[in-house]
Protein chains: 2
Amino acid sequence: MEEKKQATIVDVAKAAGVSVATVSRVVNGNYPVKRETQEKVKAAINSLNYVPNVQARELNTRKSTTIGVVVPGLHNMFFAEVIDGIEEAVRQIGFSFLLNCAKNDPKQESQAINALVARNVSGIIVISPNTKNIKESFYEKLVERVPLVFINGYHRINGVSYVGNDEQLGCKTALDYLQGLGHKRILFVRGDNSDSYDIKEETYRQVMTEDSNTAEAYIVNIGEGNGVDTVDATMAVLVKKLPQLKPTAIFCCNDLMAVGALNACKRLRLSVPQDISIMGYDNIALSRLVEPKLTTMDQNMFQLGESAAKLLIETIRGGKSKRILLDNVLVVRDTTGEVSR
Amino acid sequence: MEEKKQATIVDVAKAAGVSVATVSRVVNGNYPVKRETQEKVKAAINSLNYVPNVQARELNTRKSTTIGVVVPGLHNMFFAEVIDGIEEAVRQIGFSFLLNCAKNDPKQESQAINALVARNVSGIIVISPNTKNIKESFYEKLVERVPLVFINGYHRINGVSYVGNDEQLGCKTALDYLQGLGHKRILFVRGDNSDSYDIKEETYRQVMTEDSNTAEAYIVNIGEGNGVDTVDATMAVLVKKLPQLKPTAIFCCNDLMAVGALNACKRLRLSVPQDISIMGYDNIALSRLVEPKLTTMDQNMFQLGESAAKLLIETIRGGKSKRILLDNVLVVRDTTGEVSR
DNA sequence: CTGTTAGCGCCTTCAT
DNA sequence: ATGAAGGCGCTAACAG
């Protein structure tokens, strides 16, 4: 109980009657050691309950087996699933990771990253890096010091790796699908301040103007798109807009908004998908939990995290930075159907 | 780009024309240093972009400012919210944390913990510690080496701190509320293998037998209670049970099950809460996102995490282990109402 | 095969 | 107020 300090390699060496070097060798198994000596050492390790001090090891070898992960927050299930993927990949190669939340605050983000650097992480994954920090070339300097992978960052920085989804293509796929069902009046629902929304809006404009030019009025911004209140905010806005705009389908930039749209329809006694179709984006767990289940574009968050982790490790081991773009796949469930006539 | 190795304290000392001791002093501000010398050192630090190596510092001082967190997984939003609370508390005092997922696997859990110990964490928070590991006194030995806090662990271990909810009282509150609304036939929905469910079931039995003795048939187990499929599994089971049992209310051991119950009612065209009341437990974000919004018991996960982190830090600094029991509070929303007659 | 030794980057007496 | 030197626990040559 009384802070009995941990056994060190010296203690083990003493107990086994060998040198510290020998202990180190059997622990790491990187040099030949005679059978019997091994036994003795292992016995000593067990009886002393010895656990090698990774900090000391890494200080010495100037390597590090922990990486840093910076995320806007855990409230959004999207991020939780990404982290799940990172965890899986990281664990498999014996690395650990330090987690930090930046809360969409550029200062908090850069502080978190400095703390990570001080702790000697061998690389950092940043999910949705803050635009302000990017602008101020914070990351340009950082990447000269430590390997960096962005998940869902939309700006190129020399030397920074990048994993993301082809949201442009994904969005087009979704819209094409809706049009294929006969929908002409498609409402576009987005949130504030995200390159992701901008990309989708641009795609929407391209796709829609080919057929119609009503697009402008059909683009609605519901404010903060990733918060706890996104669902309710979306519902509130759509309860007003829907009766006047009378779309036959709603494309939402993420599943939270889509659930909000679904709830709005319930309020208005519009039945989905008979009266109106709803399409989400992301395929977070929530999309399968509501009734009816959401049709959505799968961003495969787990794979996003997994790829990012693998890419980072690769870079740490000397690989060059690169970009990986995953394809989104359409998941048809119960909120979309042929346009009613 | 080329692995330009970090500046060390020696580099700074050289650049500033002082000794390493002096640099150390201005960095840590723990000993007096003349004004001008400070300036010189700070200038050197800036120009060299020096960041103190925490690993080396901690090796030397035998202290550590990182803690470990072990969680069953991130799929369940419950855990994500707890971690959010931990993150907040930990960051405020300048600590960091390593995150590990144990996936409900006792071996993975103990491995994760060993990795944490090797990395010299100053304490560990375990969320829902695995019963098997507890039985095998894994934790009893561990706590002699490093401070431990359990969140939602239901077994006392000497020296281990504990933060949890008074689920017994919470459950009784919920049931009383339902009975106050006039409900007699209350279905009890639980999952497999969790002390949490056992406690609630026991409470249910006590409360119910006072009035009726139909309890037995009204207890239904839907299997895995925290997975991605919990909602659907619950729905499937209840779609069968509801017509035969005809309860007027359903008490669910967590919100996932409650959403499943809600979906089952939709399928059966039972309207909630007019035909039947549904009560969840936890108050995860999801409970506010469905329509109608769930009435539930708030476990305040954020506070759970925050308290655990603070308690751990306290213990690390020499405090004695203790138990904290938070009170759950009833959150009345839209899925419960007076029994219909 | 095994032992000896020199650091890794930093903090901390102990002198000055 | 500052510098010199020892050591935290470990690994990696270098000898034997």
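Residues numbered from 1 in each chain as written. Chains lettered and ligands numbered in written order. Predicted model: local features only at pLDDT ≥ 70, side-chain atom pairs only at ≥ 80, totals over all residues. Heavy atoms only, no water.

1. Some words on the packing of helix 2 (residues 20-28) of chain B against helix 3 (residues 35-48) of chain B
All names here are of chain B.
- With their axes 10 Å apart at the nearest point, helix 2 and helix 3 run at an angle of 90 degrees to one another. In terms of their interaxial angle, helix 2 and helix 3 are classed as roughly perpendicular. From helix 2, Thr22, Val23, Val26 and Val27 reach across to helix 3, where they touch Thr37, Val41, Lys42 and Ile45.
- In terms of residue class, the contact of helix 2 with helix 3 is made up of 5 nonpolar, 2 polar and 1 charged. (Axes fitted to C-alpha atoms, helices over the stretch in contact; angles between N-to-C directions. Helix = DSSP H or I, 4+ residues; strand = E, 2+ residues; numbered from the N terminus. Parallel < 35°, antiparallel > 145°, perpendicular 65-115°, else oblique. Contact = heavy atoms within 4.5 Å. Nonpolar A, V, L, I, M, F, W, Y, C, P; charged D, E, K, R; others polar.)

2. What to know about the environment of Val220 of chain A
Residues and elements named next belong to chain A.
- Structurally, the position occupied by Val220 is in strand 7 (residues 219-221).
- Classification of Val220 by relative accessible area gives buried; the value is 3%.
- Here the alpha-carbon distance between Val220 and Val189, two residues 31 residues apart in the chain, equals 5.0 Å. (Buried < 20%, exposed > 50% of the residue type's maximum accessible area, 1.4 Å probe, protein only.)

3. Quick word on the sheet that holds strand 6 (residues 186-190) of chain A
All names here are of chain A.
- In spatial order, the strands read 7-6-8-9; together these 4 strands make up an open sheet with parallel pairing. One side of each edge strand has no neighbouring strand; the edge strands of this open sheet are strand 7 and strand 9 (277-279). Here the strands of the sheet are splayed against their neighbours by 20 degrees on average, with no regard to which way each runs.
- Summarising the sheet, strand 6 and strand 7 pair through 3 bridges and their orientation is parallel. Considered in strand 7, the bridge of Phe188 is made with Ile219.
- Running over the sheet, helix 9 (residues 167-180) touches strand 6, strand 8 (249-252) and strand 9 and is turned about 170 degrees from strand 8.
- Across the face of the sheet, helix 10 (residues 195-209) comes into contact with strand 6, strand 7 and strand 8 while running at roughly 165 degrees to strand 6. (Pairing = 2+ DSSP bridges.)

4. Quick word on helix 14 (residues 301-316) of chain A
Residue and element names in this part refer to chain A.
- For helix 14, spanning 16 residues, the distance from its first C-alpha to its last is 23 Å, which sits close to the expected 22 Å at 1.5 Å a residue.
- Among the residues making up helix 14, those that are buried are Met301, Leu304, Gly305, Ser307, Ala308, Ala309, Leu311, Leu312, Ile313 and Thr315.
- Residues of helix 14 that are buried in the fold lie against strand 1 (66-71), helix 5 (77-92), strand 3 (124-127), strand 4 (148-151), strand 5 (161-165) and strand 11 (323-326).
- Two residues or fewer past helix 14, Gly318 is found with a positive phi of approximately 110 degrees. (Expected span 1.5 Å × (residues − 1).)

5. A few points about the protein's contact with DNA strand D
- If you check the shell around DNA strand D, you find 26 residues, and the closest are Ile9, Arg57 and Asn60 of chain A together with Arg25 and Asn60 of chain B.
- Near the protein, meaning within 4 Å, the atoms of DNA strand D are sugar or phosphate in a fraction of 71%, with bases accounting for the rest.
- Asn53 of chain A is positioned such that a nitrogen or oxygen atom in its backbone is 2.9 Å from a phosphate oxygen of DNA strand D.
- Between Thr22 of chain B and DNA strand D, the recorded distance is 2.6 Å, taken from a side-chain N or O atom to a phosphate oxygen.
- Mapped onto the surface near DNA strand D, the elements with two or more residues apiece are helix 2 (20-28) and helix 4 (54-61) of chain A together with helix 2 and helix 4 (54-61) of chain B. (Near = heavy atom within 4 Å. Polar contact = N/O pair within 3.5 Å; in protein donor to acceptor, adjacent residues only side chain to side chain.)

6. Looking at the pairing of strand 3 (residues 124-127) of chain B
All names here are of chain B.
- Neither face of strand 3 is exposed, since Ile124 and Val126 on one face and Ile125 and Ile127 on the opposite face are all buried.
- By the bridge criterion, 3 bridges tie strand 1 (residues 66-71) to strand 3 in an arrangement that is parallel. Bridge pairing in strand 3 places Val70 opposite Val126.
- As defined by bridge partners, strand 3 adjoins strand 4 (residues 148-151) across 4 bridges and the pair is classed as parallel. The partner of Val126 across the bridge, within strand 4, is Phe150.

7. Some points on the relation of the copies chain B and chain A
- Overlay of chain B on chain A (RMSD 0.2 Å): rotation 180 degrees, translation along the axis 0.1 Å. Such a combination of turn and shift is consistent with a two-fold rotation axis. Considering only C-alpha atoms, the residue of chain B closest to the rotation axis is Leu98 of chain B, which sits at 2.2 Å.
- Looking at chain B, 100% of its interface residues are interface residues in chain A too, so the copies touch through the same face. (Least-squares fit on C-alpha atoms with pLDDT ≥ 70 in both.)

8. Description of the protein's contact with DNA strand C
- The full set close to DNA strand C counts 26 residues, and Arg25 and Asn60 of chain A together with Ile9, Arg57 and Asn60 of chain B are the nearest of them.
- In the interface set of DNA strand C, defined as its atoms within 4 Å of the protein, sugar plus phosphate atoms amount to 64%.
- Contact distances for DNA strand C include 3.0 Å between a phosphate oxygen and a backbone N or O atom of Ser19 of chain A.
- In the model, a phosphate oxygen of DNA strand C is placed 2.8 Å from a nitrogen or oxygen of the Tyr50 of chain B side chain.
- For the surface near DNA strand C, the elements supplying multiple residues, two or more each, are helix 2 and helix 4 of chain A together with helix 2 and helix 4 of chain B.
- Looking at the surface near DNA strand C residue by residue, the class counts come to 10 nonpolar, 11 polar and 5 charged.

9. Digging into the sheet that holds strand 9 (residues 277-279) of chain B
Residue and element names in this part refer to chain B.
- Sheet architecture is open: 4 strands sit in the order 7-6-8-9, paired in parallel fashion. At either end of the open sheet lies a strand with only one pairing partner, and these are strand 7 (219-221) and strand 9. Put simply, the sheet's adjacent strands are angled 20 degrees from each other on average, direction ignored.
- The pairing of strand 8 (residues 249-252) with strand 9 spans 3 bridges and is parallel.

10. Quick look at the UniProt feature "domain: HTH cro/C1-type" (unreviewed entry) in chain A
- Those residues carrying the UniProt feature "domain: HTH cro/C1-type" (unreviewed entry) are residues 8-51 of chain A in this numbering.
- For residues 8-51 of chain A, helix accounts for 70% and strand for 0%, while the C-alpha atoms at its two ends are 8 Å apart. (UniProt positions renumbered as here; feature names shortened; annotations may be inferred.)

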